[in-house]
Amino acid sequence: MIELFYEAGTLVATGASSGLPEPFVWDGRTRQWRAPASAYRETVLDLRAQGIPHEDRASAFEKIPLESRVAMEPRPYQKEALGAWRRDGLRGVVVLPTGAGKTAVAVSAMERVGRSTLVVVPTLALLKQWYSVLQDAFGGSVTIGLLGGGYHEITPITVTTYDSAYIHAERYGDRFALVVYDEVHHLPAPKNAIIPKMLLAPYALGLTATPERPDGGHDLLPDLAGPTVYRRSPEDLAGTYLAPFELIRIPIELTAQERFDYAQAEAVYRDFLEKHRLPMRSPEDWQRFIMVASTSHSGGREALLAARQRREIREGAMRKGATLETLLRRHWDDRIIVFAKSVDEVYALSRRFLIPGVTYETPARERKEILDRIREGRYRAVIASDVLNEGVDVPDAGVAVILAGSASRREYVQRLGRILRPREGKRAILYELVTTQTGEEFTARRRKEAFL
Amino acid sequence: MLRSEHVMARLYRGKLVTHSLSPDDQRALDVAGELCDLYAEHVGLPRSQLERELAVREEGLGPGLDARRGFKIVRAFSKLLEERASWSAPTEADPYTLRTRIFELAASLPEPPAAEAGLLEAPTREDVLSQVAVETGVEDPAAYMYADRQGAQLLGDFDRPSPGELVRRYNVAQVQGVLYSAKDLVVDLGEGADARLVFHYVKLLGLIYDLEPLAHGHRIHLDGPLSIFGGTRKYGLRLAKFLPGLLMTSPWKLSANVEWRGRDTVLELDSKTSGLESHYLGPKDEREADDVREAFVRAWERTKDTGGWQLERGGDVLPFPRRKVALVPDFTLRHTGTGEVVQLEILGFWSERNLVERVALLREAEKQGHRLLVAASERLGASQEALSGAVEGGVVSFKERLSAKAVLAALP
């Protein structure tokens, strides 16, 4: 009789009277038939279809009754997406725009499968966000586990990152029947593509707004997570389901003193660049500048200092803080989320205004608590960092403030605006605070003034 | 171990050469020493302060050491020093409780806490903080509200290396860094190399080996379970961790297929020319068993009549592919007259789990036709009976030292 075992990300078969078909290969190193763990679904279906006696010692899935505690009233397209996924054998990719509720689709899929599930996400912020969503939905009957970002707790519903899955999937790849890949366009990356191979999981759900990859890697998706079973574009859902918002751009002018200091620092820095014929267009150029400046004997030290100073002035503009204070006062009753530029800025502002900050460093439980309290109205505002790269969900906030150094890209603002959720009858407002009168403008003026 | 961005290597005639520093290079030693000083001076101070200081040193020391690579070298040094440091919390108060209370109080105000007291007597930031100070007994709650951030941790302990040690560790770490991207590793173990030690690390790191006898020694091909479906870099990290284990013995040659910056290349090293030194201490139970072995060798040498039997240090490797382990008996006894060979395995002070595994291996070795003699310490306790049942060739038991006489008596 054929026996199947799970071994470090692979499927091992013993007791076969003859050779086994692809993708099994004879492993001469250990004298066994071996296949990637992902061959499990096809192998078991084949053995069953052909009536070959076999024993499955590989899978360690658990059947768990999953019923979400949260009423979700799926929007029609979410129901359609789930239906399409079921028709395709509980395996495939669902494409929905940001803010359309992809997580709700995953929660319904988990209810449907009712077995232990692994959720794989690209960032620590998303790890924590999924933890929070799953805790709300299933926390009553199941403990939600986390793997990555300092957490190593494996439970029947575990959230992990692509990076951690790459390292640890081979240890736990037998425990999950369903795997959910959030932002599934990360999966075809060379490192990540090996993750599905290490998992027995017969069911898979991929979620993304943009499956296409510039390197053409999306061609691998059908093999890694299944075919695209459902797709809707932002245009399909605009107006009806995605919140519209108003954008108010507030220019932050430097104070006279700041302007003076900035111009001085800028002059020193630019002179150095010119003298050494250094371009400044990319991060590599910056590295080069640092290197030249720190080896140069004349003025290098000063140029480094000036570069740092001018950045600090721009980021710490006095009026920016004061303007933020005004906005907080104006919207103290509206639930505000502030997007800061750096983690350090988040903590500085949190200390200054005594409102909670959320960054990738915030522990999962505390993060959930903060966002829950915003939702309940116990907290009025929250400051977060680098949110969009992380695809963070904003809890029922109607007002957002972006503290940008310079004007942000249009798509960025659009995406930020779309995740706002104003209360009934209100319109979401997005403020963008942009520091002006810095940079090129000043250099140009200074050059002209030099002739006076 | 280094982060990938600190790893430096170049291609020379199709082979990878990792960056290394000469342990005699005074400039490198000076920089290493200065960084060690910096860490030592920051014991008891916050991490963020140390990191700021390190950033300054990077700019100051790096370019003097090497115009192009100086930055990376300094960063790599500090990464390796960080591994020798431990961190502790700056306060006994729980920062989470502190800040949660601060946020709650501030949010309960009718408007954002004002920075300064005004004529309207609106509640200020100071009001909130002093109330929390009263409630918790923490003098300055704002200073400690994020004391659990990494940057706020204090440098508790620092295991200071000598500058030379740091430079040597750096050279090994660079090779390890290249091995992160290795798809496999082929090691040729020469005669006299400690195969037992090598297989200890193979097993510890969950690698799969393929063993091939050479005229003088063994060739071991190392990779992982998924490697047969096409080369993968997934086991690179483990191969990197394996390296210092290998460095503890000699002679050896190694070659690894490395995917370096998108190109398939080869890394080749050997124990004669590599100049690398391990920082591993070696397996603990092995170190203890070493004493027993050494004592036995001395006892054997003192014995006048060994009945034609010659004692050789274990050089035989008995592979057990399905178990992914290999048994490397401590000694081989060879009869000069008849050519008979008996393997001698000394079980010293093993943990119960180790022992069970060991016995299973011994049994399998006997099944394969190897003749085995097992010497077991009486300190192994209750497992003695199980042991003699398992090993047919009989068990020579000993207390502290294994005597040559007892072994000779048990030989056929």
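**A look at the overall build of chain A**
Within chain A, the regular secondary structure consists of 16 helices and 19 strands. Evaluated residue by residue, chain A yields a buried proportion of 46% over its 452 residues. Here the contacts in chain A between residues at least 6 apart in sequence split such that 75% fall between residues at least 24 apart.

**Remarks on the overall build of chain B**
Across its full length, chain B carries 13 helices and 16 strands. Taken over the C-alpha trace, chain B has a radius of gyration of 29 Å; the compact-globule value for 412 residues is 22 Å, which it surpasses by more than 25%. In terms of overall dimensions, chain B has a C-alpha envelope of 110 × 55 × 45 Å along the principal axes. Counting every position in chain B, which comprises 412 residues, the buried fraction comes to 35%. Across chain B, contacts joining residues at least 24 apart in sequence account for 69% of those joining residues at least 6 apart.

**Brief notes about the sheet that holds strand E9 (residues 151–153) of chain A**
Residue and element names in this part refer to chain A. Taken in spatial order, the 8 strands line up as E9-E8-E10-E7-E11-E12-E6-E13 in an open sheet, and their pairing is mixed. The open sheet has two free edges, formed respectively by E9 and strand E13 (228–231), since each of these has just one partner strand. Ignoring which end each strand starts from, the neighbouring axes of this sheet average 20 degrees apart. Where helix H2 (residues 76–87) meets the sheet, its contacts fall on strand E6 (91–95), strand E12 (203–208) and E13, and the angle it forms with E13 comes to roughly 165 degrees. Across the sheet, helix H3 (residues 102–113) touches E6, strand E7 (117–121), strand E11 (178–181) and E12, and the angle it forms with E12 is around 170 degrees.

**A look at the environment of Phe-229 of chain B**
Residues and elements named next belong to chain B. Examined against the element boundaries, Phe-229 turns out to sit in the loop between strand E7 (217–223) and helix H9 (236–246). Residue class for Phe-229 comes out partly exposed when judged on the 17 C-beta atoms lying within 10 Å of it. Taking the C-alpha atoms as reference points, Phe-229 and Gln-176, separated by 53 residues in sequence, lie 24 Å from one another.

**Side note on the sheet that holds strand E13 (residues 331–335) of chain B**
Residue and element names in this part refer to chain B. On the basis of which strands lie adjacent, the open sheet formed by 5 strands has the order E10-E13-E14-E15-E16 and mixed pairing. Both edges of this open sheet fall to strand E10 (309–313) and strand E16 (395–398), since each of them pairs with a single strand only. Taking the axes of each pair of neighbouring strands and ignoring which way they run, one obtains an average angle of 25 degrees across the sheet. Sheet topology note: the strand E15 (residues 372–377)/E16 ladder contains 4 bridges and is parallel. Directly across from Val-374, in E16, lies its bridge partner Val-395.

**So, the domain arrangement of chain B**
Size of an interface, as often reported, equals the accessible area lost when the parts are brought together. Here chain B is described as being made up of domain 1 (1–90 + 151–175), domain 2 (95–146), domain 3 (180–280) and domain 4 (284–410). Computed from C-alpha coordinates alone, the two centres of domain 1 of chain B and domain 2 of chain B are separated by 41 Å.

**Comments concerning the nonpolar core**
Ranked by internal contacts, the top residues of the largest apolar core, which has 76 residues, are Leu-11, Val-94, Val-120, Leu-178, Val-179 and Ala-201 of chain A. Of the residues forming this core, the biggest block, 10 residues, is contributed by helix H4 (residues 124–138) of chain A. Counting residues domain by domain, this core receives three or more from each of domain 1 (2–56) and domain 2 (76–237) of chain A. Counting residues in hydrophobic clusters, the runner-up holds 63 residues, among them Ile-370 and Val-401 of chain A together with Leu-98 and Ala-147 of chain B.

**A closer look at the interface of chain A and chain B**
Chain A puts 33 residues into the contact, and the matching count from chain B is 29 residues. At the level of elements, strand E3 (25–27), strand E4 (32–36), helix H9 (283–295), helix H11 (318–330) and helix H12 (343–353) of chain A are the ones that each hand at least two residues to the side of chain A that touches chain B. Per-class residue counts for the side of chain A that touches chain B are 14 nonpolar, 6 polar and 13 charged.

**Thoughts on the packing of helix H1 (residues 26–41) of chain B against helix H3 (residues 70–82) of chain B**
Helix-helix packing is characterised by the crossing angle of the two axes and by the distance between the axes. Residue and element names in this part refer to chain B. Axis separation between H1 and H3 bottoms out at 10 Å; the angle between their running directions is 45 degrees. Here H1 is positioned oblique relative to H3, judged by the angle of their axes. Where H1 crosses over H3, the two elements pack in a sense that is right-handed. Residues Val-31, Ala-32, Leu-35, Cys-36 and Tyr-39 of H1 form the contact with H3, whose own contacting residues are Val-74, Phe-77, Ser-78 and Leu-81. The residue inventory of the contact of H1 with H3, partitioned by class, reads 8 nonpolar, 1 polar and no charged.

**Re the packing of H2 of chain A against H3 of chain A**
All names here are of chain A. Across the interface, H2 lies against H3 with an axial gap of 10 Å and an inter-helix angle of 45 degrees. Between H2 and H3, the crossing angle belongs to the class labelled oblique. Remark: the crossing between H2 and H3 carries right-handed chirality. Contact residues: H2 offers Gln-78, Ala-81, Leu-82, Trp-85 and Arg-86, while H3 offers Ala-104, Val-105, Ser-108, Ala-109 and Arg-112. Looking at the contact of H2 with H3 residue by residue, the class counts come to 6 nonpolar, 2 polar and 2 charged.

**Observations concerning the confidence of the model for chain A**
When pLDDT drops low, the exact placement of atoms in the prediction is not to be read closely. Within chain A, residue pLDDT values average 84, and 86% of them lie at 70 or more. Residue range residues 439–448 of chain A is modelled with pLDDT below 50. Its contacts to residues more than four positions away, or to other chains, number 7 contacts.

**Overview of unusual backbone geometry**
In terms of backbone geometry, most residues other than glycine have negative phi values and most peptide bonds are trans. In this structure, Pro-23 of chain A follows Glu-22 of chain A across a cis peptide bond, with omega equal to 0 degrees. Residue placement: Pro-23 of chain A occurs in the loop between strand E2 (10–14) and E3. In this model, Ser-250 of chain B is joined to Pro-251 of chain B through a cis peptide bond whose omega is 0 degrees. Structurally, Pro-251 of chain B can be placed in the loop between H9 and strand E8 (252–260). Backbone geometry places Leu-90 of chain A, a non-glycine residue, at a positive phi of 55 degrees. Looking at where Leu-90 of chain A falls in the secondary structure, it is placed in the loop between H2 and E6. On the basis of neighbour counts, which here come to 18 C-beta atoms within 10 Å, the residue Leu-90 of chain A falls in the partly exposed class.

**Focus: the pairing of strand E10 (residues 157–161) of chain A**
Residue and element names in this part refer to chain A. With 5 of 5 residues buried, E10 lies mostly within the body of the structure. Of the two faces of E10, the one lined by Ile-157, Val-159 and Thr-161 and the one lined by Thr-158 and Thr-160 are each fully buried. Note: E7 against E10, 5 bridges, orientation parallel. Within E10, the position partnered with Val-121 by the bridge is Thr-161.

**Overview of the environment of Leu-124 of chain A**
Residues and elements named next belong to chain A. In this fold, Leu-124 is placed in helix H4. Look at Leu-124 and you get buried, because 23 C-beta atoms sit within 10 Å. It is 9.6 Å that separates the C-alpha atoms of Leu-124 and Thr-362, two residues lying 238 residues apart in sequence. Those residues in contact with Leu-124 that lie beyond four places of it in its chain are Gly-148, Gly-149, Thr-161 and Tyr-360.

Parameters at a glance
- Residues numbered from 1 in each chain as written.
- Chains lettered and ligands numbered in written order.
- Predicted model: local features only at pLDDT ≥ 70, side-chain atom pairs only at ≥ 80, totals over all residues.
- Helix = DSSP H or I, 4+ residues; strand = E, 2+ residues; numbered from the N terminus.
- Buried ≥ 20, exposed ≤ 12 C-beta atoms within 10 Å, placed from the backbone.
- Contact = placed C-beta atoms within 7 Å.
- Rg over C-alpha atoms; globule rule 2.2 N^0.38 Å.
- Pairing = 2+ DSSP bridges.
- Axes fitted to C-alpha atoms, helices over the stretch in contact; angles between N-to-C directions.
- Domains from an automatic or database assignment.
- Core = buried A, V, L, I, M, F, W, Y, C linked by C-beta atoms within 7 Å.
- Nonpolar A, V, L, I, M, F, W, Y, C, P; charged D, E, K, R; others polar.
- Parallel < 35°, antiparallel > 145°, perpendicular 65-115°, else oblique.
- Left-handed = near helix turned anticlockwise from the far one by under 90°.
- pLDDT = per-residue confidence, 0-100.

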